[in-house]
Amino acid sequence: MTSASAQVITLDKLGKNDIDKVGGKNASLGEMISHLSDLGVSVPGGFATTADAFNKFLTETGLIDKINNELKDLDVNDVNKLTATGKKIRGWIIDQELPSDLEQEVRQAFEEMSAGEDIAVAVRSSATAEDLPDASFAGQQETFLNIRGIENVLIAIKEVFASLYNDRAIAYRVHKGFEHVGVALSAGIQRMVRSETGAAGVMFTLDTESGFDEVVFITASYGLGEMVVQGAVNPDEFYLSKPLLTAGRPSVIRRNLGSKHKKMIYGDEGSTTKSTQIVDVDKQERMQFALTTEELVELAKQALVIEEHYGTAMDIEWAKDGDNGKIYIVQARPETVKSRQDSNIMERYVINTSDAKIICEGRSIGQRIGAGKVRIVDNLNEMDKVQDGDVLVSDMTDPDWEPVMKRASAIITNRGGRTCHAAIIARELGVPAIVGCGNATELLSDGQDVTVSCAEGDTGFIYEGQLDFEVQTNSIESMPELAFKIMMNVGNPDRAFSFAQMPNQGVGLARLEFIINRMIGVHPKALLNMNSLPREVTQAINERIAGYASPVDFYVDKLVEGIATLAVAFREQPVIVRMSDFKSNEYANLIGGKLYEPSEENPMLGFRGASRYVSDNFRDCFELECQALKRVRDDMGLTNVKIMIPFVRTTDEAKKVIELLGKNGLKRGENGLEVIMMCELPTNALLAEEFLEHFDGFSIGSNDLTQLTLGLDRDSGIVSHLFDERDPAVKKLLSMAIEACRKQGKYIGICGQGPSDHPDLAMWLMDQGITSVSLNPDSVLDTWFFLAGETAH
């Protein structure tokens, strides 16, 4: 069966050096079966037809000359001609009989594989030029699932052969400079994993948006995996930390519940036309994650084994058999976009959205921004509507649409997740895309001007009108040394992996209230008192907490996810997490908040910070924050996390907060825990030595310190022109705080807006001997180069 002239080879006889024989996918399956089975990677067996068999089929039947003549003068940018030509060629191939010797070998291999059972198989294409490191052929050839019986397998093989000439594959080869005759197809016949009763999806061994390579990114939905791959469903998303996984620590650092409305299951027949059907998913199932923590860990471990074996970032399709509960790998290929980008060039898109109206949102792809006129497209026949620079909007895109996707300034879909074909192609083309918007085709209208922003984290926003934005490009190869550390203020865990790629020495301010606002959105008191809430509040909360064990678990788990994401992104550096510093009016805006918050005339000077933590009616909420931090530091082992306490009015309050942290398992000095205090009140600087008895250092909050020193409200337009962190009185207090910390050998940093707005203030702080300046990410590079230039003079 494996002689040199064999036209069919079993997968276990193949390896990664057989791409020329059976294409990338089949060679990869063989490689994993041969080398990784003993290491815990489970791949279903099967067989493949060879590239020689395909070439022989086209040559002996005379099809190759007819096809080449047809393609010789084809303009692939003429979508109508491309569609007609592709259809004609595919018809010729499907109508042609397979050579009798090839058919005989397939029959024999299928008989040996099925051993008399009525088995279901997947028949997939594998191109000899597919999945090469410099080209992603993702989704360009066909997959047929739940094929039963040898006659249907033979038909499916011809369908696979024909798919080499589908529209997107023809266009792609032309654009990438591949000769049509230089690419051959192998059909892989693989035993089906019964994921119709389980789950399936895609995973990458890096973050697909930032290229951050210390995580495994997994998407999952119910039923057969084609729904995730095609982008027909919004799947669950998970991130696991590779170092935590390897250390045997809890490693799931992020979970996002997808809507998972539909699933693909086996159809009534095993033919190529009726082998699968799409059904609705039960609401209760949709409100749960498709994989358990244990399954995620098992899956991610398999991903690490595969990545290590191949020595590169991988794009992997997986399936969980619902009958036996086992998880299988059904495809693996090198990741071809992020892993090949120049990490020394920082490209950032910056947009001002202060007055912009958000029309809708979804999952962002590509970290870029595009703007143009909306073109709503329902099917391939409407492609001519999309002109260069338009924004392509559709329910979901098909990989066949690739020729027109490259014309668009941005792509928006109702359905799909961040690992579907549309997302992969958009990334490769460098076009920003927002997938899984739900109802974008209803909310947007044809010809409307919009701006599509994927530059603000995991969530992509579609704004009304064409907004101004800029692209900043910096080379970070030769960042000069500075006399102090430049850290970052990072509120949004969604952006952590991107920000970590910038030059930095850690996070000087991670605001817990950002995590509460973005990832939780519910007042902690409401979650602690679910039984006594009004019905409409309970309903709103239940929608938010879907997938989590209880309301309180949801709150703590989400805090853990947010903090752990930051700690993993900046693993080698300190991450200073400030406990929640919402004011009463901000807490009131959370779901259920108005039931618990006082109405204050001046919340800025009211119930906030340390006073809130130690009060009888908020202490139980603060203890939930403590639980989350203890889990991140002690269970996950992320001891680079330090704690910061804001707005401490008196030394008595300082003492009480430190005692309360200790009672909740966060004792200063234990397991290397450092507790920093925000120095943001004049009293903090005036009594610096006394406050430092309770803390391991200060982080100066220049915003509040300036307001309270100068006695002004910077939000009041009438007096805001007087707000200046460089005022002599403010600088005097800054000097006192810096001197007290230096005298005691303790940490002294600044995390307020001042140094981001005024590089000359950062320079003055450097001269004063400050340990670190924490800047907003958008000002890190400019300030760094400014300070380096000044110190050089």
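Shown above is the structure to which this text applies.
What counts and how
Residues numbered from 1 in each chain as written. Predicted model: local features only at pLDDT ≥ 70, side-chain atom pairs only at ≥ 80, totals over all residues. Heavy atoms only, no water. Helix = DSSP H or I, 4+ residues; strand = E, 2+ residues; numbered from the N terminus. Buried < 20%, exposed > 50% of the residue type's maximum accessible area, 1.4 Å probe, protein only. Contact = heavy atoms within 4.5 Å. Polar contact = N/O pair within 3.5 Å; in protein donor to acceptor, adjacent residues only side chain to side chain. Phe/Tyr/Trp six-rings, centres within 6.5 Å; stacked < 30°, edge-to-face > 60°. Pairing = 2+ DSSP bridges. Axes fitted to C-alpha atoms, helices over the stretch in contact; angles between N-to-C directions.

Engineer: What's the story with the environment of threonine 208 in this structure? I'm lost.
Structural biologist: The topology assignment puts threonine 208 in the loop between β6 (199-204) and β7 (215-222). Accessibility expressed as a relative area gives 1% for threonine 208, which makes it buried. Between the C-alpha atoms of threonine 208 and alanine 423, which are 215 residues apart in sequence, the distance is 9.5 Å. Not counting chain neighbours up to four residues away, the residues in contact with threonine 208 comprise Phe217, Lys338, Arg418 and Arg427. Within polar-contact distance, the side chain of threonine 208 engages the side chain of glutamate 209 at 3.0 Å.

Engineer: For this particular structure, what's the right way to read the packing of aromatic side chains?
Structural biologist: Aromatic ring pairs are defined here through the distance separating the ring centres and the angle between the ring planes. For the coordinates displayed, the defined rule picks out 13 aromatic pairs. Taken together, a centroid distance of 4.8 Å and an interplanar angle of 70° make the contact between phenylalanine 582 and tyrosine 587 edge-to-face. The same class applies to phenylalanine 582 as to tyrosine 587, namely buried. On the basis of an interplanar angle of 20° and a centroid distance of 4.3 Å, the ring pair of tyrosine 613 and phenylalanine 622 is categorised as stacked. For the pair formed by tyrosine 613 and phenylalanine 622, the shared burial category is buried. Taken together, the aromatic side chains of Phe212, Phe217, Tyr239 and Phe497 make up a single cluster linked through ring pairs.

Engineer: How do you make sense of the pairing of strand β29 (residues 747-750) when you look at a structure like this?
Structural biologist: Both faces of the sheet carry side chains from a regular strand, because those side chains alternate between them. On β29, burial covers both faces: Tyr747 and Gly749 on one face and Ile748 and Ile750 on the other are all buried. Pairing analysis gives four bridges linking strand β28 (residues 697-700) to β29, with the strands arranged parallel. Residue pairing across strands places serine 699 opposite glycine 749, the latter belonging to β29. Where β29 and strand β30 (residues 772-775) come together, two bridges link them in parallel fashion. Its bridge partner lying in β30, glycine 749 is registered against serine 772.

Engineer: Quick question: what am I supposed to make of the sheet that holds strand β21 (residues 459-464) here?
Structural biologist: Paired through their backbone hydrogen bonds, the strands of a sheet run either parallel or antiparallel. In space, the seven strands of this closed barrel follow the order β15-β19-β18-β17-β16-β20-β21, with mixed pairing throughout. Sheet twist, expressed as the average angle between the axes of neighbouring strands with direction ignored, equals 35°. Across five bridges, strand β16 (residues 369-376) lies against strand β20 (residues 449-453) in antiparallel orientation. Among the inter-strand pairings, alanine 371 is bridged to a residue of β20, identified as threonine 451.

Engineer: I tried to follow the side chain of serine 275 on my own but got confused; where do I start?
Structural biologist: Tracing the chain through its elements places serine 275 in the loop between β10 (262-266) and β11 (276-280). Of the residues examined, serine 275 reaches a relative accessible area of 5% and is grouped as buried. Leaving out residues up to four positions away in the same chain, serine 275 has contacts with Leu145, Asn146, Ile147, Ile265, Tyr266, Gly267, Glu269 and Gly270.

Engineer: What's the story with unusual backbone geometry in this structure? I'm lost.
Structural biologist: Apart from glycine, the bulk of residues carry a negative phi angle, and the bulk of peptide bonds sit in the trans form. Backbone geometry places alanine 115, a non-glycine residue, at a positive phi of 45°. Along the polypeptide, alanine 115 turns up in the loop between α5 (100-114) and β3 (120-127). Its identity as a non-glycine residue notwithstanding, lysine 260 has a phi of 45°, on the positive side. Of note, lysine 260 is situated in the loop between β9 (252-256) and β10.

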